[in-house]
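One-letter residues, chain by chain:
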Amino acid sequence: MPSLLLKNIHTLATMDDTRRELHNAWIVIRDGVIEAVGSGDLPETAADEVHDLSAHVVLPGLINTHHHMYQTLTRVIAQDRELFGWLRALYPIWARMDGEAIYVSAKLAMAELMLSGCTTSSDHLYIYPNDVRIDDEIRAAQEIGIRFHAARGSMSVGESKGGLPPDRVVEEEDAILRDTRRAIETYHDASRYAMLRVVVAPCSPFSVSQDLMREAAALARSYGVHLHTHLAENANDVSYSLETFNMRPGPWAESVGWVGDDVWHAHCVKLDDDEVGLLARTHTGVCHCPNSNMRLASGIAPVRRMIDTGVPVGLGVDGSASNDSSHLLAEARQAMLLQRVSGDPAGLSAREALWMATRGGADVLGRDDIGQIAPGMAADIIAYRLDTPSMAGAQHDPVAALTFCQPGNVDLSLINGRFVVKDGVLQTLDLPLLVETHNGISRRLIRDD
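The text that follows walks through the structure, step by step, so that each part is easy to find.

Definitions and limits used
Residues numbered from 1 in each chain as written. Predicted model: local features only at pLDDT ≥ 70, side-chain atom pairs only at ≥ 80, totals over all residues. Heavy atoms only, no water. Salt bridge = Lys/Arg side-chain N within 4 Å of Asp/Glu carboxyl O. Helix = DSSP H or I, 4+ residues; strand = E, 2+ residues; numbered from the N terminus. Buried < 20%, exposed > 50% of the residue type's maximum accessible area, 1.4 Å probe, protein only. Axes fitted to C-alpha atoms, helices over the stretch in contact; angles between N-to-C directions. Parallel < 35°, antiparallel > 145°, perpendicular 65-115°, else oblique. Left-handed = near helix turned anticlockwise from the far one by under 90°. Contact = heavy atoms within 4.5 Å. Nonpolar A, V, L, I, M, F, W, Y, C, P; charged D, E, K, R; others polar.

This paragraph deals with the pattern of salt bridges. Side chains carrying opposite charge are able to pair once their charged atoms draw close together. For the coordinates displayed, the defined rule picks out 26 salt bridges. Ionic pairing is found between Arg214 and Asp211, a salt bridge with its closest N-O pair at 3.7 Å. Here the residue Arg214 and the residue Asp211 both occupy positions in helix H5 (residues 210–223), the gap between them amounting to 3 residues, near one helical turn. Between Asp411 and Arg385 there is a salt bridge whose closest N-O contact spans 3.8 Å. Of this pair, Asp411 sits in the loop between helix H13 (398–404) and strand S15 (412–415) while Arg385 sits in strand S14 (residues 381–385), and the two are 26 residues apart along the sequence. Judged by its relative accessible area of 13%, Asp411 is buried. Through salt bridges with shared partners, a single network forms among Arg133, Asp135, Arg152, Glu171, Asp179 and Arg182.

Direction vectors running N to C along helix H2 (residues 99–116) and helix H3 (residues 134–144) enclose 40°, while the axes themselves pass 8 Å from each other. Classified by the angle their axes make, H2 and H3 are oblique. Handedness of the H2/H3 crossing: right-handed. Contacts from Gly99, Ile102, Tyr103, Ala106, Lys107, Met110, Ala111 and Met114 of H2 reach H3 at Asp136, Glu137, Arg139, Ala140, Ala141, Glu143 and Ile144. Taken together, the residues of the contact of H2 with H3 sort by class into 9 nonpolar, 1 polar and 5 charged.

So, in structure tokens, the structure goes:
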């Protein structure tokens, strides 16, 4: 792997512990790891490649902590429904997916994420019809070159047992646990700078049993892997927990062992103050998904309260059938704006939104090797051009401009010290061919409905 020198960086937002922002900065990268960072005079070091970034704002790669990548196949469907109605409309379409659909849709979602500035992503795959396996999207991640946390999701409680999903898309719990164990033993890499990790991720309170939640937590902790699920996404979600378990989502999560620094929950829109306090005390993470929450009319998550009480908060694009995008920088912008609509113009700052998209995401995923530009960190680095129409007039504060102005695509992206985007072009696949293949699969799925 060639050593790299990124020099003359116009503005560098390191997201390090002191939140340094440097001008006329430089970064030295060796063997996929950041060796040195500074500004002004260049270090006396030999580098195989030198890149001038005098027209760029640079920051650590963005981290996506919640997605359902297969949903890129079914965008703009059930356009005016809340969560439960939206799911009921889409389950029959998703039931026809096969392994090729999962592989191609994951690759498309990863391409979209990488172009937006994402270098690490989790994906929550919880539906396994036909020949679908978690291996399908792991193969996509390995081929495209994204750092990936594969969340082996599951649904086991269908309509006949009081759950939301139709019986034909749920699995037997023994089979779920067996395949989750197989995925961990086959793919999970616990080492520093790992490109692939596995997460244990039963879907939601309304689609799995309490027994499965407890057994999944025990399984995850026996292997030292993280746990992920949905929690308190909307009012109907909370009502289901009250009616079925006689407790709110927070106490339910605690009762099944799903709190702690190895757990993160998606959405958490409807948590009350006591539940936010529970997550803060236990250092349980939250993935905030503002676009999806707005699209499904779920509400506004209490992100300001979470941050102020010490809850680890990252960002996620959520499924591309409820967003309907996989643009992580756009998600950071919406996170900032959504915390302001209730009347506080300082509800969330631009830099806080970017911190959530980098350091917050690393904390949620339990990683201390990504999310910042500092010596010893993985060389996951992105750069946006400053000489574009959308950044014109914002040269005095290009870091804030990333969220205040129109979210753009990266000009350059490195993952693990490897260029995956150059001059705005994805380097690791034929994007037009992928889009054509993806659209063919999508048309077949939707037309058969």
